[in-house]
Amino acid sequence: MKDDYLLEYINDHYDSIDGTDDVSAAITKFLRDMLDNLEYDSPAVKILKGTYQKVVFPAYYLLKYGIGIDRMRDCRGTWRIEIRFDRNRIVITHIKNQSIPSENFVSNEPEAEFEWEVSLIFSRDMEKLVSTTVRIRNYQIFDGVEKARVKKLRKGFKKFTS
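Rules of the game
Each chain carries its own residue numbering, running from 1 in the direction its sequence is written. The predicted nature of this model means local features are confined to residues of pLDDT at least 70 and side-chain atom pairs, given and counted, to a pLDDT of 80 or more, with totals for whole chains, interfaces and linings taken over all residues. Hydrogens and waters are ignored; side-chain quantities use all the structure's heavy atoms. Secondary structure counts use DSSP, requiring at least four H or I residues in a row for a helix and at least two E residues in a row for a strand, with both numbered from the N terminus. Whether a residue is buried, partly exposed or exposed follows from its accessible area with a 1.4 Å probe, protein chains only, as a fraction of its type maximum: under 20%, in between, or over 50%, in that order. Any two residues whose heavy atoms approach within 4.5 Å are treated as being in contact. Within 6.5 Å between ring centres, the rings of Phe, Tyr and Trp (the latter by its six-membered ring) count as paired, and their orientation is classed by plane angle as stacked under 30 degrees, edge-to-face over 60, tilted in between. Among buried residues, those of type Ala, Val, Leu, Ile, Met, Phe, Trp, Tyr and Cys that are joined through side-chain atoms within 4.5 Å constitute a nonpolar core. Take the residue count of a helix, subtract one, and multiply by 1.5 Å to get its expected span. The arc refers to the directions leading from the helix axis to the C-beta atoms. To count toward a patch, a residue needs a relative accessible area above 30% and no salt bridge. Like charges then connect within 9 Å, nonpolar side chains (Val, Leu, Ile, Met, Phe, Trp, Tyr) within 5 Å. Residue exposure ignores everything except the shown protein chains as possible cover, and the areas themselves are Shrake-Rupley values with a 1.4 Å probe. For this document, the term salt bridge refers to a Lys or Arg side-chain nitrogen within 4 Å of an Asp or Glu carboxyl oxygen. At least two DSSP bridges between two strands are required for those strands to pair.

To continue, consider the overall build of the chain. Across its full length, the chain carries five helices and five strands. Mapped from its N terminus to its C terminus, the chain presents α and β elements in the order α-α-α-α-β-β-β-β-β-α. Residues classed as buried in the chain amount to 36% of the 162 residues present. Considering only contacts within the chain whose residues lie at least 6 apart along the sequence, 55% involve residues at least 24 apart.

This structure, assessed with the given rule, holds four aromatic pairs. On the basis of an interplanar angle of 55° and a centroid distance of 5.3 Å, the ring pair of Phe114 and Phe157 is categorised as tilted. Here Phe114, found in strand S4 (residues 110–123), pairs with Phe157, found in helix H5 (residues 147–158); they are 43 residues apart in sequence, far enough to count as distant. On the accessibility criterion, Phe157 (0% relative accessible area) is buried. Cluster of aromatic residues (ring-pair linked, three or more members): Tyr60, Tyr61 and Tyr65.

Moving on, we come to the nonpolar core. Among the nonpolar cores identified, the biggest contains 19 residues, and Ile67, Phe114, Trp116, Ile136, Leu153 and Phe157 are the most heavily contacted of them. Of all elements in the fold, only helix H4 (57–67), S4, strand S5 (129–141) and H5 reach the threshold of two or more residues within this core. By size, the runner-up hydrophobic cluster in this structure holds six residues, among which are Ile47, Ile90, Leu120 and Met126.

A few words now on unusual backbone geometry. Phi at Met126 is positive, roughly 65°, even though this residue is not glycine. A relative accessible area of 3% means that Met126 is categorised as buried.

On to H5. Taking 1.5 Å of rise per residue, the twelve residues of H5 would be expected to cover 16 Å, and the 16 Å separating its terminal C-alpha atoms lies within 8% of that figure. Among all positions of H5, only Arg149, Val150, Leu153, Gly156 and Phe157 are buried. Take H5 and look down its axis: the buried residues cluster within an arc of 130°, on one side only. Exposed and facing more than 90 degrees away from the buried side of H5 are Lys147, Ala148, Lys151, Lys155 and Lys158.

Let's shift gears to the environment of Phe122. Topologically, Phe122 is positioned in strand S4. In this structure, the C-alpha to C-alpha distance between Phe122 and Ile47, residues 75 residues apart in sequence, is 9.4 Å. With near-sequence residues (within four places) excluded, Phe122 lies in contact with Asn88, Arg89, Ile90, Ile92, Lys128, Leu129 and Val130.

Bringing a nonpolar patch on the surface into the picture now. Side chains of Trp79, Ile81, Ile83 and Phe85 sit close together on the surface and give an oily, nonpolar patch of about 350 Å² of accessible area. Its place among the elements puts Phe85 in strand S2 (residues 80–85). Phe85 sits in the partly exposed class, given a relative accessible area of 47%.

Glancing now at the pairing of strand S3 (residues 89–101). Most of S3 sits out of view: eleven of its 13 residues are buried. Of the strand pairs in this sheet, strand S1 (residues 73–74) and S3 are connected by two bridges, and their pairing is antiparallel. For Arg73, the partnering residue across the bridge sits in S3 and is Ser99. Relative to S3, S2 runs antiparallel, the two being bridged by six bridges. Bridge pairing in S3 places Phe85 opposite Ile90. Between S2 and S3, which pair antiparallel in sequence order, lie three residues. Strand direction decides the pairing type here: S3 and S4, joined by 13 bridges, are antiparallel. Its bridge partner being in S4, Thr93 is matched across the sheet by Ser119.

Structure, rendered in structure tokens:
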């Protein structure tokens, strides 16, 4: 299959799933089929592979252990993906918000929240992963967190903000 036929292929195979117009199911099936098909290695599919959620796991663990926390929770509905086509490169950036639950399990309220990103920088032809970056875009430590814990969190966040 060539990139020229990608749109036609999508229309022919993923217009509806089981006779319904469930767009989410159609997109999910399309991505699953395309990402699992290793023979199809066009730049378009490589970009789709870069948007797959599994690519954020190494960055997630780097942040978790780099900040020095045991647990992080997703802030639902905050995961975004930006794809930027520059002159000599393609940048795929995943942006996500996380909360840090109370360390002492007494409260359901989080101690802190932060927004982080992982960027995958590819050559323009998508043949080479040139570099990656992980950074914390912003964070907030909430009132009532013990001073020693605030200091520890700030120290951990600083590793990814400078």
